[in-house]
Amino acid sequence: MTATKRSTVTKNSERQESSNADNGKDDTENETNMPESDGEVDAKKTSIRHTQTKHKFHDIFYTCTGYKVDTFTNYTHFTNWLHRPVDASALGVFRMLYGLAMCIDIAEERGGSQMDTRFGEPRHCHFPLFNGISAVSLPVMGCIYLIMWLGALGITLGYRFRLSCLAYIVPYWYMFLLDKPAWNNHSYLFGLVGTILLFTNANRYCSLDKYLQPNMSDTVPYWNYFLIKFQFFVLYMYAGLKKFTAEWLSGYAMTSLSEHWVFTPFRALLSSELTDLLIVHWFTAIFDFSIAFFMTWEASRWLATPFMLSFHLMNSRLFVIGMFPWVCLAEVPLFFGFSWPRKLSLKCLQNTLTSVCASKSAMQSHKSIIGSTTTAAAEGDSETAFNPRNQTANTQPAAAADEQLVKSTTTASPSDKLRSILILFYCALQLFLPYSHFITKGYNNWTEGLYGYSWNMMVHTYDTVLTSVKLVDNANGEVHYLDPYAFTEYDRWTKHADMAYQYAKCIESNIREDYLRDPKASPLSSTNISIYFDIWCSMNGRFQQRVYDPRVDILKAEWSPFETTSWSLPLLNELNYMRPKLKTMTNEVLAWSNYSDIIFVADFPGLTLDNYISTDLTNVTLTILAGNVRYKSDDEDEAYFLTAGKSFTLQSGETHHITTIGLKPSSYLYSFVNKTMIDNASLDTDSIDQKPKKPLLPLWDEFRNRVKNYKQFLKHMANCVLYLLYDVPMPIEIRERN
């Protein structure tokens, strides 16, 4: 009875609860079915679109980079991402290749084989970035080279890695900052990479340090890879950005480069002019800007790699740029994972063969494996059952595994966070420096800023026809002319005002020293002198024009790194519209004969060109292209006023003066025939057959030259050490100087 009553009560209770639930459901449905306002509908649609757009962006970002956006939107996740441990083997291989390249570079582009001519002359002029940096004596410089060479060797071998990096980069940056004319973009890159390696653990694979310390970890923080790849990423991207200008895309920078044999396959399809324009200029700009992105994206990496390798191998044949192509090639494997060198080891190959043999026996037992898996699944044994999720987890990309590692660590140490800030600061600095020329205005001339750190690679070509250094003895007014390269072998001072200013000061110091040593032997009557530079140069196929104002005494001129240089003349860009016409006229004159030539000149208002026509030239004609000039010959008393379109025949062996009149620049041309070349044509024809043809790929000759340079370099270092230790006399080669 009691049981039955309880059952009845329970049933009634269930009915009541069910009825209440149905009523609640009806109320909910009524609330749900209530009409929504237009504002709520629009808000929901906007939210849905925003969510879809966000998901699409996250998917695209993950597809391109292999990482989730959340890794970079959270500072802790980003720090953990930078500091996650990865295999050190790929970094170790790059370390060895970089160190080996620097061992070769020291004897070549660092000037080790010519250190006697660079540092053996006490009056040799240097161009330091900071005035406090000065050159030491040759014996001490030889020891500095020795320390740098031992450092590069230590980097290659991975021995006492930190000390080796310091031994290399400290002398490297000293020599780099000592001579601005020796700067170029890849020398700057070498110094940056060496500095980055100093802070990494690149000695944890294939190094003497690892051999001597077997317990050393096999992993490194990911930022060791990140900084090096970022530096090369900036190199390529900015090199492309600097080429996306009308100057480069018009095809004026690298004319006639298509004549080189490496462009033979392209010339089979295109003319030389189109090869220069489409391949040398357009394709190079697109390649430089995009190749780093394609190498970073896993889907396009294998497709981009052949282009990357071919590009640098071609550059090694086209230009004399030392170890730059080979260092870039050494960096390419860093894009292909962290542990690929271990996979190339003999042990891994044996394991691969073993796994292949084992796969045959696995195929024979495939049916039994499936049967046991089915039985296990029926029994609910999830550990042994075949699970697609487990297969997916085993085949997920390395980036996804790294993502899980980043998310698994919720906190980062203060030192890691500080290191991440320093890394971000370095990256921001490298992104800013190439466009910081609005600050250092004193280094801006025809081009913006110093050449060494702007990544303006091959963007500008120069043709200098006249370099004049005039010394005026202010005591008696006499004029003297100095060999422009009497105290330096560099010519970059002819195009950069900061170096011209330094060179003038160095010339003054040397002349004063000569005069005080022996006043009677000096052609000057006092040390009160003025120095004037008159340099005529053309950039990227423009008119020959002056670089500096020839009326300004450089010794009394002012120069500041943060102010525009007033005595540096601007590029005459207002005459750029005539550049296509210049090319046409050049082709017409060159078609006259093999010995005809043409020179285009532009000058500023109020300035006078004093020009002597050599007796080697004949059929010389002066033609005015634009502006107004006054022509005066030393052999005539009368001056002539010439306007655009006028031509004038000039006599050989005479000096004439052309003054630009008016408020606008003038432009004119000289066309002539070289008589000496005609007289020597028959001799040259007879000797052509006797001269051996140069090989297309002179690898053996280059190898012998490098061995010769290296022997000379080692000899110089030995002489310096012997001189300091035992006072053994040093043989020194001295440049001829006028």
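Analysis parameters
Within each chain, residue numbers correspond to sequence positions counted from 1 in written order. Totals for whole chains, interfaces and linings use every residue, but because this is a predicted model, local features are given only for residues with pLDDT of at least 70 and side-chain atom pairs only at 80 or more, for both listing and counting. To get the side-chain values, take all heavy atoms of the structure and skip hydrogens and water. Following DSSP output, two strands are said to pair if at least two bridges run between them. We count a stretch as a helix when DSSP gives it H or I for four or more residues in a row; a strand needs E for two or more, and each element gets its number in order from the N terminus. Should any heavy atoms of two residues lie within 4.5 Å, those residues are counted as being in contact. Working convention: axes come from line fits to C-alpha atoms, limited for helices to the stretch in contact. Angles between N-to-C directions cover 0 to 180 degrees. Side-chain atoms within 4.5 Å are what join buried Ala, Val, Leu, Ile, Met, Phe, Trp, Tyr and Cys residues into a set we call a nonpolar core. When accessible area is computed with a 1.4 Å probe and restricted to protein chains, residues below 20% of their type maximum are described as buried, those above 50% as exposed, and intermediate ones as partly exposed. Patch members must show over 30% relative accessible area and no salt bridge, and they are joined within 9 Å when carrying like charges or within 5 Å when they are nonpolar side chains of Val, Leu, Ile, Met, Phe, Trp or Tyr. Each accessible area is a Shrake-Rupley estimate made with a 1.4 Å probe; only the visible protein chains count as cover when residues are assessed. Salt bridge, as applied in this entry: a Lys or Arg side-chain nitrogen positioned within 4 Å of an Asp or Glu carboxyl oxygen. Centres within 6.5 Å are what make two rings of Phe, Tyr or Trp a pair, Trp counting through its six-membered ring; a difference in plane orientation under 30 degrees is then read as stacked, over 60 as edge-to-face, and the rest as tilted. Charge-over-ring placement is defined geometrically: NZ (Lys) or CZ (Arg) within 6 Å of the ring centre, and within 35 degrees of the ring normal. In these notes the angle categories are as follows: under 35 degrees is roughly parallel, over 145 is roughly antiparallel, 65 to 115 is roughly perpendicular, and the rest is oblique. Here is the rule for handedness: rotate from the far helix to the near one, and if that takes an anticlockwise turn smaller than a right angle the crossing is left-handed, while a clockwise turn gives right-handed. Here a polar contact means two N or O atoms within 3.5 Å. Within protein one must be a hydrogen donor candidate and the other an acceptor candidate, and residues neighboring in sequence count only if both atoms are side-chain atoms.

### Points about the sheet that holds strand 5 (residues 529–539)
Moving on, step 1. With antiparallel pairing, the four strands of this open sheet are ordered in space as 4-3-5-6. Of all the strands in the sheet, the pair left with one neighbour each is strand 4 (479–482) and strand 6 (545–546).
Moving on, step 2. Taken together, the four bridges between strand 3 (residues 462–473) and strand 4 define a ladder with antiparallel strand orientation. The partner of Val 469 across the bridge, within strand 4, is Leu 482.
Moving on, step 3. Across the sheet, helix 23 (residues 497–517) lies against strand 3, strand 4 and strand 5, angled at about 145 degrees from strand 5, the strand it touches most.

### So, the sheet that holds strand 7 (residues 596–603)
Sheet strands line up and pair through hydrogen bonds in the backbone, either parallel or antiparallel.
Moving on, step 1. The strand order 7-14-9-12 describes an open sheet built from four strands, whose pairing is antiparallel. Edge positions in the open sheet fall to strand 7 and strand 12 (647–650), since each of these has one partner strand only. The mean angle between the axes of side-by-side strands here comes to 20 degrees, regardless of whether they run parallel or antiparallel.
Moving on, step 2. Where strand 7 lies against strand 14 (residues 666–674), eight bridges are found, and the strand directions are antiparallel. The partner of Ile 598 across the bridge, within strand 14, is Ser 671.
Moving on, step 3. Where helix 24 (residues 579–590) meets the sheet, its contacts fall on strand 7, strand 9 (617–626) and strand 14, and the angle it forms with strand 7 comes to roughly 150 degrees.

### Comments concerning the nonpolar core
Moving on, step 1. Tyr 98, Tyr 145, Tyr 168, Tyr 225 and Phe 232 are the most contacted members of the largest nonpolar core, which has 99 residues in total.
Moving on, step 2. Ranked by residues supplied to this core, first place goes to helix 11 (residues 223–241) with 14 residues.
Moving on, step 3. Ignoring sequence-local partners within four residues, the contact set of Tyr 145 consists of Ile 106, Arg 110, Gly 111, Gly 112, Met 115, Arg 118, Phe 119, Met 175, Phe 713 and Met 717.
Moving on, step 4. In this structure, Trp 446, Cys 506, Ile 531 and Ala 557 belong to the second largest nonpolar core, which totals 32 residues.

### Remarks on a nonpolar patch on the surface
Moving on, step 1. A cluster of nonpolar side chains, Val 136, Val 140, Leu 722, Tyr 723, Leu 724, Leu 725, Tyr 726 and Val 728, forms an exposed patch at the surface whose accessible area comes to about 700 Å².
Moving on, step 2. Here the nonpolar patch gets five residues from one element, more than from any other, and that element is helix 27 (residues 699–726).

### Quick word on the packing of aromatic side chains
Moving on, step 1. Evaluated as defined, the whole model comprises 39 aromatic pairs.
Moving on, step 2. Look at Tyr 172 and Trp 173: their rings are 6.1 Å apart centre to centre, the planes differ by 90 degrees, and that puts the pair in the edge-to-face class.
Moving on, step 3. On the basis of relative accessible area, Tyr 172 is assigned to the buried category, the value being 2%.
Moving on, step 4. We classify Trp 173 as partly exposed; its relative accessible area is 22%.
Moving on, step 5. Where Tyr 631 meets Tyr 640, the ring centres are 6.4 Å apart and the plane angle is 40 degrees; that geometry is what we call tilted.
Moving on, step 6. Here Tyr 631 falls in the buried class, since its relative accessible area comes to 4%.
Moving on, step 7. Through a chain of ring-to-ring contacts, three or more aromatic side chains come together here, namely Phe 78, Trp 81, Tyr 222, Tyr 225, Phe 226, Phe 230 and Phe 338.
Moving on, step 8. The side chain of Lys 470 reaches across the aromatic face of Tyr 532, ending 5.2 Å from its centre.
Moving on, step 9. Positioned above the aromatic ring of Tyr 252 is the side chain of Arg 579, whose terminal nitrogen or guanidinium carbon lies 3.9 Å from the ring centre.

### What about the packing of helix 8 (residues 161–178) against helix 9 (residues 185–198)?
Moving on, step 1. Running from N to C, helix 8 and helix 9 cross one another at 150 degrees; their axes reach a closest spacing of 9 Å. When the axes of helix 8 and helix 9 are compared, the pair comes out roughly antiparallel. The two elements helix 8 and helix 9 meet at a crossing, and its hand is left-handed. Together, Phe 161, Arg 162, Cys 165, Leu 166, Ile 169, Tyr 172, Trp 173 and Phe 176 of helix 8 and Ser 187, Tyr 188, Phe 190, Gly 191, Leu 192, Gly 194, Thr 195, Leu 197 and Leu 198 of helix 9 make up the contact between the two elements.

### Focus: the side chain of Asn 674
Moving on, step 1. Structurally, the position occupied by Asn 674 is in strand 14.
Moving on, step 2. Within the structure, Asn 674 has its side chain in polar contact with the backbone nitrogen of Thr 676 (distance 3.1 Å).
Moving on, step 3. Leave out the neighbours within four places in its chain, and Asn 674 touches Tyr 595, Asp 616 and Leu 617.

### A look at the pairing of strand 13 (residues 655–661)
Moving on, step 1. In terms of strand pairing, strand 8 (residues 608–612) meets strand 13 through five bridges, oriented antiparallel. Bridging across to strand 13, Thr 608 finds its partner in Thr 659.
Moving on, step 2. Strand direction decides the pairing type here: strand 10 (residues 628–633) and strand 13, joined by six bridges, are antiparallel. Across the sheet, Lys 632 pairs through a bridge with His 657, a residue of strand 13.

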